[in-house]
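# Summary of the model geometry
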Amino acid sequence: MTAVAKAIGDLYSGTELSQVLTTAKLADPDGEGTTKWKRLYNALAAHQNQHGNGKATVALISTAMAPTRTLDRIDRAAVARDTLSQVLSLSGLGVGKDGRVHRAPQARTDTDAHSRATRLRARLESRGIHTIVLSGIRDEWLRTDYYDAVFESIKLLGHRLRSMAGLDLDGHKLVDAALLGSAPKVLLNAYVTATEKNEQRGVASLAQGLFSSIRNPQAHQPRSVWTMDEQDALDVLGTLSLIHRRLDRATLRG
């Protein structure tokens, strides 16, 4: 129930969850005064303790994943649906695109792990993720969490910038020396007009943001307290891909 509650809790606001619970005919013992996923978990647990069956879980999933509710959050709903299907597969169930829970081949844990890695890699490829980003991601990372996949991908960006610019720097200092200043070593455009300079500064800001918000916290915090969900990982890897595509067209200052 925890995984189900977290997947759905991440998809909706607290007020929206009130409507979901009401439609699913589930009591809401906590109201909006607690964490979203715990609120859902407690509602499911209360029903199961009273009735001794899993009908509440099916009702909650079918209500929350109905296309009429997820139309304005299609990408996030797809992630939630995949997560729910992975959890339910151990019981021989899945979630269809219509949001309904259906019978599915029962899976084992190792099969689920492989399926998750295959599915996420397919999602990355369908987004046109840059080959350098894909090359640094091992399937075993996708089977557990996204910590190593994202961390390694950001390290690869630093490696590419150092190689192109001939610098022995890292993080903000590397981006500043390679892409910023009056005479940056790596030119993403002609770097003459104000528009061109603003464009280069914008790409540099994206790179600096990734180093500051992702790589630096990962490097200094224990892995046990640093988490990243699938949607965040896809967004970060997509941003890295954008930067690499701009570097593909870059020239070096002579």
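The following paragraphs examine the structure supplied in this document. (Residues numbered from 1 in each chain as written. Predicted model: local features only at pLDDT ≥ 70, side-chain atom pairs only at ≥ 80, totals over all residues. Heavy atoms only, no water.)

### What about helix α2 (residues 14–23)?
Filter applied, for reference: Here's how the labels work: a residue is buried when its accessible area is under 20% of the maximum for its type, exposed when over 50%, partly exposed in between, all with a 1.4 Å probe on protein chains only. Numbered from the N terminus, helices here are DSSP runs of H or I no shorter than four residues, and strands are runs of E no shorter than two. By definition, the arc is the one covered by directions from the helix axis to the C-beta atoms. Contact definition: two residues touch when any of their heavy atoms are within 4.5 Å.
Residues of α2 that are buried: Gly-14, Leu-17, Val-20 and Leu-21. Mapping the buried residues of α2 onto a view down its axis gives an arc of 105°, with all of them on the same face. Those residues of α2 that are buried lie in contact with α1 (2–9), α3 (36–51), α4 (55–64) and α5 (67–70). At the C-terminal side of α2, Lys-25 shows a positive phi close to 60°.

### Comments concerning unusual backbone geometry
A positive phi angle, near 60°, is found at Lys-25, a position not held by glycine. When you line up the elements, Lys-25 lands in the loop between α2 and α3. A positive phi angle, close to 55°, is found at Tyr-191, a residue other than glycine. Relative to the helices and strands, Tyr-191 resides in the loop between β3 (186–187) and α12 (194–220). For Tyr-191, a relative accessible area of 10% gives the class buried.

### Examining α1
Within α1 the residues assigned to the buried category are Val-4, Ala-5, Ala-7, Ile-8 and Gly-9. Its buried side turned inward, α1 meets α2, α3, α4 and α6 (74–88).

### Some details on the environment of Val-186
For Val-186, the location among the structural elements is in strand β3. Judged by relative accessible area, which is 0%, Val-186 ranks as buried. Each C-alpha atom of the pair Val-186 and Gly-254 lies 9.8 Å from the other, and the pair is 68 residues apart in sequence. Excluding residues that lie within four positions of it along the chain, Val-186 makes contacts with Met-164, Ala-165, Ala-178, Leu-179, Gln-200, Leu-247, Ala-250, Thr-251 and Leu-252.

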